[in-house]
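A closer look at the structure
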Amino acid sequence: MLTPEENETLTRVGPTAPMGRFLRRYWVPALLAEEVPPPGGAPVRCRILGEDLVLFCDQDGHLALLDEHCAHRRASLYYGRNEGVGLRCVYHGWMFDRHGQCIDMPSEPPESAFKEKVRIAAYPAVVQAGVVWAYLGPGEPPPLPAMEWMTLPASHCVVSKHLAECNWFQVLEGAIDSSHISFLHRLSDPAHPKNRFEQLKLGDPHPRFEVAETPYGLAVGARRSVGDDQYWWRITQYLCPYYTLIPPVEEGWIGAFFVAPIDDTATWVFRARYHPEKPQTQNYPTPDRYEPGTYRLARNRDNEYRIDREAQLNGTSYTGIDGIAEQDLMVAETEGVIYDRTLERLGTSDVGIIRCRQYLLHHVAAFLAGATPPNLDPREHRVRPVSMILPRSVPFMEGAREAMRASPGVPVFVVA
Ligand code: FES
Ligand SMILES: [Fe+2]
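Keep in mind the model is a prediction, meaning the values are calculated, not measured. (Residues numbered from 1 in each chain as written. Chains lettered and ligands numbered in written order. Predicted model: local features only at pLDDT ≥ 70, side-chain atom pairs only at ≥ 80, totals over all residues.)

Within the protein chain one finds 8 helices and 18 strands. Computed over its C-alpha atoms, the radius of gyration of the protein chain comes to 23 Å, within 12% of the 22 Å expected for a compact globule of 416 residues. Along the three orthogonal principal directions, the C-alpha set of the protein chain runs to about 85 × 50 × 45 Å. Among the 416 residues that make up the protein chain, the fraction classed as buried is 41%. (Helix = DSSP H or I, 4+ residues; strand = E, 2+ residues; numbered from the N terminus. Rg over C-alpha atoms; globule rule 2.2 N^0.38 Å. Buried ≥ 20, exposed ≤ 12 C-beta atoms within 10 Å, placed from the backbone.)

Below, the structure written as structure tokens:
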């Protein structure tokens, strides 16, 4: 349970909010690379961290995120003309280059130097690993993140995104919460687990959490009993501020799950599914997962996620909702548009999210007092999530030390 003030701090992402200022010190995943217009092409809308922007690609292929609103009388530059060297507002013809500088003002007399004094916000944007990264903060941006999935051949990693119509932090909490896999994502009857993974997750539905603070964020260990002398550890990595790495299941695919706040009440949920050695073979996710022409899942709150009550009742599906992403979306969105953490009742299985909240509240406060935000050094990003069985006597940070290194030659640790 949090105070109202703490809940505000965690959830508000606008330019003047404490968390909004903190998050602006990091590159934010803003769009998928597939959304980038060609050089000279029409701009695309991009709302991120509560700011309405347009992604503009000039004739030389340089990308920039510009304020969507023209400096003159605020008409939308989304409807503007891309003239190669700049984006021209169609209301009175003012044109802005990729640095946001007004470079033409045909509605003013030719001798006027007014245009030199006029600019709009312009932010750096770069494409890497299938994602458009944006930096909305002050000064020079830090180096780009360098998580393992970002450095793999394109064949080994599939990146996708979908919309969550709720606040960013509750989506992130869902990714860190390893305990819900025994329920929300249950695939079989506990009496007849359909595979080893199901057997482990249903065999002990009340995991104990141990959390270690690391240079990049947190290693969140959830342990479940296996017999009398072993634990099955699922170690989820939290990389400040947007990223989680989800332990692999059967075939060894790792899930990088990261969130980008559109504003206080909506979030892009990005997912990268990868394996350091294996190319992806599945068509994932299939186009029918989305409402046509959008990144909104087809099973969404307007149709109650197409819940099948019959399947829920007869046990063929625990939730009655198809799809892991859809199940996660249902719980995140139904917690409230901005989850009110003054009303909750937390138990022992919530230790992972409690520590994540404490971590962020601490670092936001320290940042406001002048400290440098954590995890800006990409050399710290080479970590993996792990699923492994260890003797009870071995601390997870020791037993999984090698397995958590994202290095060539280190096998992906998966128990299933
Ligand atoms: S509003 Fe854009 S030129 Fe006037
Ligand atoms: Fe989940």
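Moving on, we get to unusual backbone geometry. Backbone torsion omega between Cys-240 and Pro-241 reads 0°, so that peptide bond is classified as cis. Positionally, Pro-241 belongs in the loop between strand S14 (230–239) and strand S15 (243–246). Phi at Asn-375 takes a positive value of approximately 60°, unusual for a residue other than glycine. Within the secondary structure, Asn-375 sits in the loop between helix H7 (351–368) and strand S18 (386–391).

Strand order in the open sheet formed by 6 strands is S1-S10-S9-S4-S3-S2, with antiparallel pairing between adjacent strands. The sheet is open, and its two edges are formed by strand S1 (28–32) and strand S2 (44–48), each paired on a single side. For this sheet, the mean angle separating the axes of adjacent strands, direction not counted, is 35°. Where strand S4 (residues 63–67) meets strand S9 (residues 122–128), 3 bridges bridge the pair, whose relative direction is antiparallel. Across the sheet, Ala-64 pairs through a bridge with Pro-124, a residue of S9. (Pairing = 2+ DSSP bridges. Axes fitted to C-alpha atoms, helices over the stretch in contact; angles between N-to-C directions.)

Further remarks concern the nonpolar core. By size, the foremost hydrophobic cluster in this structure holds 105 residues, and its most contacted members are Val-28, Ala-30, Leu-66, Ala-134 and Ala-256. Per element, the largest residue contribution to this core is 7 residues, and it comes from strand S16 (residues 254–263). Here this core spans two domains, since at least three of its residues come from each of domain 1 (27–134) and domain 2 (148–399). Apart from the residues within four sequence positions on either side, Ala-256 is in contact with Met-147, Trp-149, Tyr-243, Leu-245, Arg-271, Ala-272 and Tyr-274. (Core = buried A, V, L, I, M, F, W, Y, C linked by C-beta atoms within 7 Å. Domains from an automatic or database assignment. Contact = placed C-beta atoms within 7 Å.)

This part covers the pairing of strand S12 (residues 208–213). Remark: a regular strand shows side chains that alternate across the two faces of the sheet. Pairing between S12 and strand S13 (residues 217–226): 6 bridges, direction antiparallel. Opposite Glu-213, over in S13, you have Leu-218 as the bridge partner. Hairpin connection, S12 to S13: the antiparallel pair is bridged by 3 residues.

Another aspect to go through is helix H4 (residues 196–203). For H4, the complete set of buried residues consists of Phe-197, Glu-198, Leu-200, Lys-201 and Leu-202. As for H4, its buried residues are in contact with S13 and S14.

With that settled, consider the domain arrangement of the protein chain. When cut into domains, the protein chain gives domain 1 (27–134) and domain 2 (148–399). Between domain 1 and domain 2, the C-alpha centre-to-centre distance is 35 Å. With 12 residues of domain 1 in contact, the opposing surface of domain 2 contributes 12 residues. Counting residues per element, the ones that place at least two in the side of domain 1 that touches domain 2 are S1 and S2. At 4 residues, the largest contribution of residues to the side of domain 1 that touches domain 2 is made by S1. Grouping the constituent residues of the side of domain 1 that touches domain 2 by class yields 8 nonpolar, 3 polar and 1 charged. (Nonpolar A, V, L, I, M, F, W, Y, C, P; charged D, E, K, R; others polar.)

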